[in-house]
Amino acid sequence: MPQPKPKPRTRSATKADRKIAVVLGGGGLKGFAHVGVLSALQEKGITPSVFAGTSIGSLICAAAAAGMPIEDMIDHAKSLRRRDLFRINRLGMLLERSHAPSIYQAAPLREVLASIVGGATFDDLSTTLLVNTVDLQRGSPVVWGLPGLRDVSVLDAVYASCALPGFYPPGDVAGRSCVDGGVIDNLPTSVASQGMDAVIAVDTGSSSVVTEREIAHQGFIAIFMRSATTMMHALQLSPLQSWSGPPMILIRPRVSHIGWFSFSHTEELIDAGYRAAMEALQHFDACLSAETGIFPRHATRISVDRDKCIGCTICVALAPQVMEMDETGKARPRMPVVDWSPADGDFVHHCPTYAINAEPAESSGTENQPQSSDAKTPKEREERLEAS
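Residues numbered from 1 in each chain as written. Predicted model: local features only at pLDDT ≥ 70, side-chain atom pairs only at ≥ 80, totals over all residues. Heavy atoms only, no water.

1. Structural notes on the overall build of the chain
Secondary structure summary: the chain contains 14 helices and 14 strands in total. Here the chain holds 388 residues, and 52% of them are scored as buried. Considering only intrachain contacts with a sequence separation of at least 6, the fraction spanning at least 24 residues in the chain is 76%. Within the structure as shown, the chain displays about 17600 Å² of accessible surface, and the carbon and sulfur contribution to it stands at 53%. (Helix = DSSP H or I, 4+ residues; strand = E, 2+ residues; numbered from the N terminus. Buried < 20%, exposed > 50% of the residue type's maximum accessible area, 1.4 Å probe, protein only. Contact = heavy atoms within 4.5 Å. Areas by Shrake-Rupley, 256 points an atom, 1.4 Å probe, with all protein chains shown as cover.)

The structure is reproduced here in structure tokens:
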């Protein structure tokens, strides 16, 4: 559903006085886009008060909180190779079979993390760092770096946050058996927003679940990661759609076409993060002047291809404030043009016949008449929605 129009902030403060939380989500190697985002923030002179992350987002947050230069982050990303992370746990799978904790060994991943994070505890860092994990035994989130959860190894917490269940063994953090925080919350904006004036959140892992027609034939890992992406996307919808915290810039780099474990797109990912951040940060002043809401916001035109609409009512069930059924049993938008943030419009993707289209209003005709899109294929329509 669309969010209400943000209310202007009544109190005043200089931009330099504002407390900004940067939240970086998981997404495998797609998370290299986070480095580009941090580069854009540095260029814009935005200094975060809090870094919070999940999985690879927690690793990049840890590097930033420890003061690692952007150039060094880029060098680490470019030098990473598949053998540095993925070594099959052959002995464990041979001896323990179904009781083996993971497909891959923990040591290679820990070695990579140690080369970046070092041996610091959260108390040693001058900038607040929050690392999102899930306590596997209790089935509940644990965010390391919060009060009472700071006197622990950053390396242990980051490893646990990167330990995708089944791929890597759970991590031991202060006696707790923890795994990837994306199991519950891939983008921990709520906990990071406490006491902040604004949030800058970067979603690379679950921003756009585009159609993958051959996914059933791409093997176990591809099917598992597709399922994980879908789950993370669904879990993330409600907190963003009902967001009432401080104003948020939501950055979603266009990386849905790149696999979670692709080592051949590093420069493209970093560049995509930089470009998406620079585009979104054009709305930073509007964000800071609001009491709440998600930015950037754009006028978006919704239209329905009546020939494709089968009257299933899914869009109305998912977005009753936006969609309705007409007297002939076909779906139609209540208003042809809506004010949307990147968190809005997920129901468009769920139309089973691709009958609904959303595109920037300025690229369409008059506001009174819904226009058909020049994006004819489902993939083109999804890409248009993502871009809007």
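2. Considerations on the pairing of strand β14 (residues 356-360)
The element β14 is extensively covered by neighbouring structure, given that four of its five residues are classed as buried. The pairing of strand β10 (residues 298-304) with β14 spans five bridges and is classified as antiparallel. What sits directly across from Val304, in β14, is Ile356. (Pairing = 2+ DSSP bridges.)

3. Topic: helix α7 (residues 154-162)
A large share of α7 lies buried, amounting to eight of its nine residues. Among all positions in α7, only Val154, Leu155, Ala157, Val158, Tyr159, Ala160, Ser161 and Cys162 are buried. The N-cap residue of α7 is Ser153: its side-chain oxygen and the backbone nitrogen of Leu155 are 3.2 Å apart. (Polar contact = N/O pair within 3.5 Å; in protein donor to acceptor, adjacent residues only side chain to side chain.)

4. Some points on the packing of helix α2 (residues 56-65) against helix α6 (residues 106-117)
As a packed pair, α2 and α6 sit with axes 9 Å apart at the nearest point and diverge in direction by 25 degrees. In terms of orientation, α2 lies roughly parallel with respect to α6. Within the contact between the two elements, α2 uses Leu59, Ala62 and Ala63 and α6 uses Leu113, Ile116 and Val117. Looking at the contact of α2 with α6 residue by residue, the classes come out as six nonpolar, no polar and no charged. (Axes fitted to C-alpha atoms, helices over the stretch in contact; angles between N-to-C directions. Parallel < 35°, antiparallel > 145°, perpendicular 65-115°, else oblique. Nonpolar A, V, L, I, M, F, W, Y, C, P; charged D, E, K, R; others polar.)

5. Re α6
Here α6 contains 12 residues, and its C-alpha end-to-end distance of 16 Å stays within 8% of the 16 Å for a straight helix at 1.5 Å per residue. Residues of α6 that are buried sit in contact with α2, α3 (70-79), α4 (82-85) and α7. At the exit of α6 stands Gly118, carrying a positive phi of roughly 80 degrees. (Expected span 1.5 Å × (residues − 1).)

6. Here we look at the sheet that holds strand β13 (residues 337-340)
The strand order across the open sheet built from three strands is β13-β10-β14, with neighbouring strands paired in antiparallel fashion. In this open sheet, the two edge strands, each paired with only one partner strand, are β13 and β14. The sheet shows a mean angle of 35 degrees between the axes of neighbouring strands, direction not considered. Of the strand pairs in this sheet, β10 and β13 are connected by four bridges, and their pairing is antiparallel. Bridge pairing in β13 links His298 to Trp340.

7. Overview of the nonpolar core
The nonpolar side chains of a soluble globular protein tend to be buried with one another. Residues Leu129 and Ile200 are the most contacted members of the largest nonpolar core, which totals 79 residues. If one sorts the elements of this core by residue count, α2 sits on top with eight residues. Not counting chain neighbours up to four residues away, the residues in contact with Leu129 comprise Phe51, Cys61, Ala62, Ala65, Phe122, Trp144, Gly145 and Val154. If you look at the next biggest cluster of nonpolar residues, it comprises 17 residues, including Val23, Leu187, Ala201 and Leu250. (Core = buried A, V, L, I, M, F, W, Y, C linked by side-chain atoms within 4.5 Å.)

8. Side note on the pattern of salt bridges
Under the counting rule described, the total for this entry stands at 12 salt bridges. Of the charged contacts in the structure, one is a salt bridge between Glu324 and Arg332, with a shortest N-O distance of 2.9 Å. Accessibility expressed as a relative area gives 34% for Arg332, which makes it partly exposed. Taking the shortest distance from any N to any O, the salt bridge between Arg334 and Glu324 comes out at 3.2 Å. (Salt bridge = Lys/Arg side-chain N within 4 Å of Asp/Glu carboxyl O.)

9. Some points on the side chain of Arg252
Looking at the secondary structure, you find Arg252 in the loop between β8 (248-251) and α10 (266-280). A distance of 3.1 Å separates a polar atom in the side chain of Arg252 from a polar atom in the side chain of Asp203.

10. As for the pairing of strand β3 (residues 128-135)
Counting buried residues along β3, seven of its eight residues qualify, which places the element largely inside the surrounding structure. As defined by bridge partners, strand β2 (residues 50-54) adjoins β3 across five bridges and the pair is classed as parallel. Paired with Ala52 across the two strands is Leu130, which belongs to β3. Here β3 pairs with strand β4 (residues 140-144) via five bridges, running antiparallel. Bridge pairing in β4 links Val134 to Pro141. Taking the residues that link successive antiparallel strands as the turn, the β3-β4 hairpin has four residues, and the phi of Gly139 there is positive, at about 70 degrees.

11. Some points on the packing of α2 against α7
For the pair α2 and α7, the least separation of the axes is 7 Å and the interaxial angle reads 155 degrees. For the element pair α2 / α7, the angle class is roughly antiparallel. Seen from α2, the contacting residues are Ile56, Ser58, Leu59 and Ala62; seen from α7, they are Val154, Val158, Ser161 and Cys162. Broken down by class, the residue content of the contact of α2 with α7 amounts to six nonpolar, two polar and no charged.

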